Amino acid sequence: MPSPDSVYPPHIVAVVRRTWHERADKVVVRNPRDDDSWDDVTGAQARAQVDAVAKGLMASGVGAGDKVAILGRTRWEWTVADLAIMTAGAIPVPIYDTSSVGQIEWICRDAGVSLVIAEQAAHVERATAVLDGGTTPLERVVSIDDGAMEAFATAGTSISDAELEARLATVTHDTLATIMYTSGTTGLPKGVELTQFSYVRHTLGLVDTMSEVVYEKDASTVLFLTLAHSLARLVQFALLHGGLVIGYCPDSSRLVPLIGTMRPTLLLAVPRVFEKVYNGAEQKAAADGKVKIFRWAAKQSMDYARALESDRGPGMGLKLRHAAADALVLKKIRGLLGGRVRWAISGGSPLGDRLGYFYGGLGIKVLEGYGLTETNAASHVNLPSKSKIGTVGPVLPGLEVKIADDGEILMRGEQLFQGYHRNADATAQAMEGGWFHTGDLGSEDADGYLKITGRKKEIIVTAGGKNVSPAELEDGIRGYALISQCVAVGDNQPFIAALLTLDADALPGWLKGKGMEPMTVAEAARDPRIVARIQKAIDRANSHVSRAESVRAYRILDEDLTVDNGYLTPSLKVKRSRVLADFAPVIDEIYAGKHRAR
């Protein structure tokens, strides 16, 4: 049997370079202009830009094994920096662009970062505060907006091609490719060490699994998820390897117009984005007095997608209703997404059946996946040829999965992380018995498709001894257009309750659609008409679970849970322990009977 060294390229740089060589005169990347048109970058140009910056890093004193952080939004220069750091034999350390000074300081100190490549002035200011603090090995901060990439390219003219290739030749399968810090729902983020082989094996396996998506004629995507998140970064490497054209969107407020000019065939998003598109369409319909038509069309879309999964398929009546719904509503939503999207990849949190079937009825197959930073972002994904809504698909090549007696998902395989950086105790705890303990709960069907049922640490045990996994219930309640976040509570209590927040962005349109006067979020939280609507949303969600699992009391909070106020991670996961601690008086008040749902 051939060794991995003879089967797989030595590093991810070689994987991407090979595609850029094959597509030397073809467009591989697009950068947005101010008018939402695009500047094209060919394979040859992409390779030249990465090599030029890599030489500049070497000329600037970056050595093999040095840690270089990237702090910025999703843009082509982020990727150039990432690949250039690896090409120079150094180790890139992504930092979320929303990170505070304290978070940047922790990562720079823990990882031993000597250089930060920051994007905008705000990023430079925070990184410079860490530099000035003197508590880390950080020596230098440079700014992409102030010409850092061009300065590196100029400095690199003193480095020959042979010197660059000699440095890159020191990088092997076992070389540390990156340290990616978890978004930290509890405690300080842990640095996840991933090797070059992990990226190479995963990238090739993912493209092989998703070949129908990646190699589709004129395939393209608009990438807007933060590249500091493991999912976006891994999928980007796979798309670069596959030759799919990537358009970068650094500003989410420009996403809709950029999708309109790019007209992608693939979308990569977290469930919250798919939910926002659905809710936005519903609110626009409500504002135009057509909400009943929208909801009817949405039902036809979901019914049609469900029928496609059955052996008999949709009947003639459903086909006619779906065609009418498409003409009235659905084609407009497809148009909002550029009109060519056939595929979507969803990860980061559960999508929910409702959205999966809705988009399926639009003709967009949402391939839901699952994974953790420790599995290099992805361990499972639904197959283009066989997708099962409600599951995250079968395990990807190179990985093995089993379900423990208590329902926890365990994994082992070639792509798993090497360990937590400078944290042997946490590594040993996570890798007990040779298996990575994910902390997530799930089950497999007869085809090996995995269904996520909850998070082990988030299981609520009521006073009556009922074990409740809050994920499905929370997802059902969050599906209501006006609700932003839902956190179920009830540990050692007689029933399940919930903390809710309202969506400030959706509120004005929702009020207009209902013929109500404008009001603040705090006012809306106490308005009897709105409380009654939310009660109906809770009742609908409760109808899908048992009485013991249903929300029987709730409180609407005055503020949303956001990244800025510290209640969400940069990847938009709720920091449940902090929410429970900070809102303990509110929870106590609920169980004192001062605010009880009907």
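Everything here concerns the structure above.
Below is a short write-up of the structure. Please read all numbers here as calculations on a predicted model, not as lab measurements.

## Some details on the overall build of the chain
- Helix and strand counts for the chain come out as 23 helices and 24 strands.
- In terms of overall size, the chain behaves like a compact globule, its C-alpha atoms giving a radius of gyration of 24 Å where 598 residues would be expected to give roughly 25 Å.
- Across the 598 residues in the chain, those meeting the buried criterion constitute 57%.
- Contacts in the chain between residues far apart in sequence, at least 24 positions, make up 67% of those at least 6 positions apart.
- As displayed, the chain has an accessible area near 24,700 Å², and 52% of this comes from carbon and sulfur atoms.
- Between the mean site of the 67 positive side-chain charges and the mean site of the 72 negative ones, the chain shows a separation of 8 Å.

## Here we look at the environment of Thr154
- Within the secondary structure, Thr154 sits in helix 7 (residues 148–155).
- A C-alpha to C-alpha distance of 9.1 Å links Thr154 and Lys55, two positions 99 residues apart in sequence.

## Side note on the packing of aromatic side chains
- Applying the stated criterion across every chain, the model contains 13 aromatic pairs.
- Through a chain of ring-to-ring contacts, three or more aromatic side chains come together here, namely Phe274, Tyr278, Phe294, Phe358 and Tyr359.
- If you follow Arg578 out to its NZ or CZ, it ends over the ring of Tyr567, 5.1 Å from the centre.

## Thoughts on helix 11 (residues 230–242)
- With 13 residues, helix 11 should cover 18 Å at 1.5 Å per step; its first-to-last C-alpha distance of 18 Å lies within 8% of that length.
- The element helix 11 is extensively covered by neighbouring structure, given that 13 of its 13 residues are classed as buried.
- Among the residues trailing helix 11, Gly243 stands out with phi positive, at a value near 85°.

## Concerning the sheet that holds strand 19 (residues 450–455)
- The strand order 15-16-18-19 describes an open sheet built from four strands, whose pairing is antiparallel. The strands lining the two open edges of the sheet, one partner per strand, are strand 15 (399–403) and strand 19. Taken over all neighbouring pairs, the strand axes of this sheet differ in orientation by 50° on average, direction set aside.
- With five bridges connecting them, strand 18 (residues 436–444) and strand 19 associate as antiparallel partners. By the bridge assignment for strand 19, Glu444 is matched with Leu450.

## Overview of the sheet that holds strand 24 (residues 551–556)
- Pairing is mixed across the open sheet formed by three strands, whose spatial order is 22-23-24. Looking at which strands have only one partner, the edges of the open sheet turn out to be strand 22 (483–489) and strand 24. Averaged over all adjacent pairs, the angle separating strand axes in this sheet is 25°, with direction ignored.
- The sheet contact formed by strand 23 (residues 496–502) and strand 24 spans five bridges and is parallel. Its bridge partner lying in strand 24, Ala498 is registered against Tyr554.
- Running over the sheet, helix 18 (residues 471–478) touches strand 22, strand 23 and strand 24 and is turned about 155° from strand 22.
- Helix 21 (residues 528–542) rests against strand 22, strand 23 and strand 24 of the sheet, and its axis sits at about 145° to strand 24.

## Things to note about the pattern of salt bridges
- Enumeration according to the criterion identifies 39 salt bridges in this entry.
- For Asp36, the salt bridge goes to Arg254, with nearest N and O atoms at 2.9 Å. Here Asp36 is found in the loop between strand 1 (27–32) and strand 2 (38–42), whereas its partner Arg254 is found in the loop between strand 10 (245–248) and helix 12 (255–262), with 218 residues between them in sequence.
- Taking the relative accessible area as the measure of exposure, Arg254 reaches 19% and is therefore buried.
- Two residues, Asp558 and Arg526, come together in a salt bridge whose shortest N-O distance is 2.8 Å. Taken together, the residues Asp558 in the loop between strand 24 and helix 22 (576–582) and Arg526 in helix 20 (residues 521–526) connect sequence positions 32 residues apart.
- Given a relative accessible area of 44%, Asp558 falls into the partly exposed group.
- Linked by salt bridges that have partners in common, Arg73, Arg75, Glu77, Glu119 and Asp145 make up one network.

## Side note on the environment of Gly242
- When you line up the elements, Gly242 lands in helix 11.
- Taking the C-alpha atoms as reference points, Gly242 and Met149, 93 residues apart in sequence, are found 26 Å from one another.
- Residue contacts for Gly242: discarding those within four places in its chain leaves Val214 and Tyr215.

What counts, and where the lines are drawn
- Residues numbered from 1 in each chain as written.
- Predicted model: local features only at pLDDT ≥ 70, side-chain atom pairs only at ≥ 80, totals over all residues.
- Heavy atoms only, no water.
- Helix = DSSP H or I, 4+ residues; strand = E, 2+ residues; numbered from the N terminus.
- Rg over C-alpha atoms; globule rule 2.2 N^0.38 Å.
- Buried < 20%, exposed > 50% of the residue type's maximum accessible area, 1.4 Å probe, protein only.
- Contact = heavy atoms within 4.5 Å.
- Areas by Shrake-Rupley, 256 points an atom, 1.4 Å probe, with all protein chains shown as cover.
- Lys, Arg positive; Asp, Glu negative; His and termini not counted.
- Charge placed at Lys NZ, Arg CZ, Asp CG, Glu CD.
- Phe/Tyr/Trp six-rings, centres within 6.5 Å; stacked < 30°, edge-to-face > 60°.
- Lys NZ or Arg CZ within 6 Å of the ring centre and 35° of its normal.
- Expected span 1.5 Å × (residues − 1).
- Pairing = 2+ DSSP bridges.
- Axes fitted to C-alpha atoms, helices over the stretch in contact; angles between N-to-C directions.
- Salt bridge = Lys/Arg side-chain N within 4 Å of Asp/Glu carboxyl O.

From the geometry alone we can't say anything about function, so treat these as descriptive.
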